[in-house]
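Below are the chains, spelled out letter by letter.
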Amino acid sequence: MADTDNVLTPAEAQAYYDRFGKKQDSQGFYEDPALDELIAHGDFANARSVFEFGCGTGKLAQRLLAGHLPAEARYLGCDISPVMLDLTRQRLAAYPRRAQAALTDGTIEFPLKDQSVDRVVCCYVLDLLSQKDIHCFFTEARRVLKPDGLLCLASLGKGSNRRSRLVASVWSALFRLNPAIVGGCRPMQLIAFADRENWQILHQAVVTPFGVPSEVLVLQNKSSPHHPVAAVT
Ligand SMILES: C[S@@+](CC[C@H](N)C(=O)[O-])C[C@H]1O[C@@H](n2cnc3c(N)ncnc32)[C@H](O)[C@@H]1O
């Protein structure tokens, strides 16, 4: 995918999202229906710990803590933008013992122990990253998820009908021209990064509010007790 050579550097992404700040929530017209779909299929009622990579303004975290996670469940978000982190911290101030947000330097290393978290969530961030970083993200997600844990993803997609495919191709053309025009994000097929040896697809959907396509995925690590990885002989 030639697009990936054109991604913003971590420093450029940080500068962009520091400037963009709370305007990120204006993207809700196409993001919110995808987040609804993710929440409906992410089984958050049975999660005791959630890690979110690229938490932005903390909108999804607030929704999860307020209405979908058990009362004792804990949330950790991270983001490369200090401005975004401040917004998340303000939004989650009502949950001082349950929610935390940490600054990252853009490297794809999660501040978590192996098999320590029930959900890894990432929405509209992987579509900013290089292919190499997306592969690192999947490796990290597999490392930190507990057996039975779920990887819950939403990103810009390639479209599922004529209108949404047209929107995706115009978006891709703008990205190729200058990724900063579109916040560094380009439509992609995330499912292509989820190798079937390691991940079981529990839910896959494309939602297209206002013609803007989002891919929503819920994946389970196959090394869970229900899906033991076959021994190599
Ligand atoms: C398009 S916004 C999405 C924010 C939020 N997840 C949402 O759905 O509204 C992308 C977010 O990813 C963050 N980000 C970009 N590159 C990152 C990286 N390498 N590590 C962590 N966060 C990153 C940005 O600062 C920004 O908050």
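Being a predicted model, the structure only gives us computed values, none of them experimental.

Asks: Can you walk me through the site of the ligand in this structure?
Replies: Lining the immediate surroundings of the ligand are 19 residues, of which Glu31, Gly54, Asp79, Cys123 and Tyr124 lie closest. Take Gly54: an N or O atom from its main chain is 2.7 Å from a nitrogen atom of the ligand. Note that a nitrogen atom of the ligand is positioned 3.4 Å from one of the backbone N or O atoms of Gly106. For the ligand, whose free accessible area comes to 590 Å², the fraction covered by protein is 96%. Here the residues of the shell around the ligand are counted per class, giving 10 nonpolar, six polar and three charged.

Asks: Looking at this structure, I do not really get the confidence of the model for the chain. What am I missing?
Replies: Any residue range with low pLDDT should be treated as having predicted coordinates unsuitable for detailed reading. Averaged over all residues, the pLDDT of the chain is 92; the fraction at 70 or higher stands at 94%. Every residue in residues 226-233 scores below 50 in pLDDT, and together they form eight contacts with partners more than four places removed in sequence or on other chains.

Asks: Looking at this structure, I do not really get the pattern of salt bridges. What am I missing?
Replies: Counting across every chain of the model gives eight salt bridges. Linking Asp114 and Arg143 is a salt bridge whose minimum nitrogen-to-oxygen distance equals 2.9 Å. In this pair, Asp114 is assigned in the loop between β3 (99-103) and β4 (117-123) and Arg143 in helix α5 (residues 131-144), connecting sequence segments 29 residues apart. Residue Lys146 pairs with Asp118 through a salt bridge whose shortest N-O separation is 3.4 Å. A residue pair is termed long-range when its members are at least 10 positions apart, and Lys146 in strand β5 (residues 145-156) and Asp118 in strand β4 qualify at 28 residues. Overall, the relative accessible area of 12% leaves Asp118 in the buried class. Taken together, the shared-partner salt bridges connect Asp114, Glu140 and Arg143 into one network.

Asks: Explain the pairing of strand β7 (residues 214-221) to me, please; I cannot follow it from the model alone.
Replies: Two faces belong to every sheet, and in a regular strand the side chains alternate between them. With respect to burial, β7 is a largely interior element, eight of its eight residues being buried. Burial along β7 is two-sided: Ser214, Val216, Val218 and Gln220 facing one way and Glu215, Leu217, Leu219 and Asn221 facing the other are all buried. Direction of pairing for β5 relative to β7: antiparallel, over a ladder of seven bridges. Residue Ser155 lies in a different strand from β7, and its bridge partner there is Glu215. Examined bridge by bridge, strand β6 (residues 199-207) and β7 share eight bridges and lie antiparallel to one another. In the strand pairing of β7, Trp199 is matched with Asn221. Between β6 and β7, which pair antiparallel and follow one another directly, the connecting turn spans six residues, one of which, Phe210, has a positive phi of 55°.

Criteria and thresholds
- Residues numbered from 1 in each chain as written.
- Predicted model: local features only at pLDDT ≥ 70, side-chain atom pairs only at ≥ 80, totals over all residues.
- Heavy atoms only, no water.
- Near = heavy atom within 4 Å.
- Polar contact = N/O pair within 3.5 Å; in protein donor to acceptor, adjacent residues only side chain to side chain.
- Areas by Shrake-Rupley, 256 points an atom, 1.4 Å probe, with all protein chains shown as cover.
- Nonpolar A, V, L, I, M, F, W, Y, C, P; charged D, E, K, R; others polar.
- pLDDT = per-residue confidence, 0-100.
- Contact = heavy atoms within 4.5 Å.
- Salt bridge = Lys/Arg side-chain N within 4 Å of Asp/Glu carboxyl O.
- Helix = DSSP H or I, 4+ residues; strand = E, 2+ residues; numbered from the N terminus.
- Buried < 20%, exposed > 50% of the residue type's maximum accessible area, 1.4 Å probe, protein only.
- Pairing = 2+ DSSP bridges.

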